[in-house]
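# Architecture and fold: a report
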Amino acid sequence: MMKKIKTILIVDDDPIFTEIATMLLHHLQVAEQVLSVVNGQQALALLHACTGADAGRDCPDLILLDINMPVMNGLEFLEEFQGLSLTSTPRVVICTSSQEPYELSEISGYGVMGILTKPLKPDNLHAMLALWQQQ
């Protein structure tokens, strides 16, 4: 039995993807809490509350990050994310429908845990979560 992840944060502007991913995570019973925001800027705002002694319950252990979003996209988020001083650093998994070699090669420079192709499939998600457990 897989140990539950305390908090997973979904960063994606597609409400259908967010709803399906949330339902899938609840169905797999892998997270105590699933949060979602619609862009990288909102994710950074949430993570800023995870610095210092007052880091609370909403600090994610795992981030499922889309690349193509308005306001602040996934690559811009990763750039800012690297500069944060977090109490504990969440692992990042990219969730994308992009097959652009440029985007995928850009991602590899940020030390993300992996890439999941949309639409999410239970087997792929479960395999990624098992990898998270080993980290």
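Figured I'd write up the structure that's included with this text. (Residues numbered from 1 in each chain as written. Predicted model: local features only at pLDDT ≥ 70, side-chain atom pairs only at ≥ 80, totals over all residues. Heavy atoms only, no water.)

## Overview of the environment of V71
Positionally, V71 belongs in the loop between β3 (62–65) and α3 (74–81). Each C-alpha atom of the pair V71 and Q41 lies 7.0 Å from the other, and the pair is 30 residues apart in sequence. (Helix = DSSP H or I, 4+ residues; strand = E, 2+ residues; numbered from the N terminus.)

## Quick word on the packing of aromatic side chains
If you walk through the whole model with that rule in mind, you get 1 aromatic pair. Between F77 and F81, the aromatic rings sit 5.4 Å apart at their centres with planes inclined by 25°, giving stacked as the arrangement. Taken together, the residues span about one helical turn, with F77 and F81 both in helix α3 at a distance of 4 residues. Across this residue pair, the class does not change: F77 and F81 are buried. Above the face of the F17 ring, K118 is positioned so that its terminal group lies 4.4 Å from the ring centre. (Phe/Tyr/Trp six-rings, centres within 6.5 Å; stacked < 30°, edge-to-face > 60°. Buried < 20%, exposed > 50% of the residue type's maximum accessible area, 1.4 Å probe, protein only. Lys NZ or Arg CZ within 6 Å of the ring centre and 35° of its normal.)

## Points about the nonpolar core
One finds I63, L65, F77 and L78 to be the most contacted residues of the largest nonpolar core, which totals 25 residues. Breaking this core down by element, the ones donating at least two residues are β1 (5–11), β2 (31–37), α2 (40–48), β3, α3 and β4 (91–96). Examining the composition of this core, we find that 4 residues originate from one element, α3, more than from any other. (Core = buried A, V, L, I, M, F, W, Y, C linked by side-chain atoms within 4.5 Å.)

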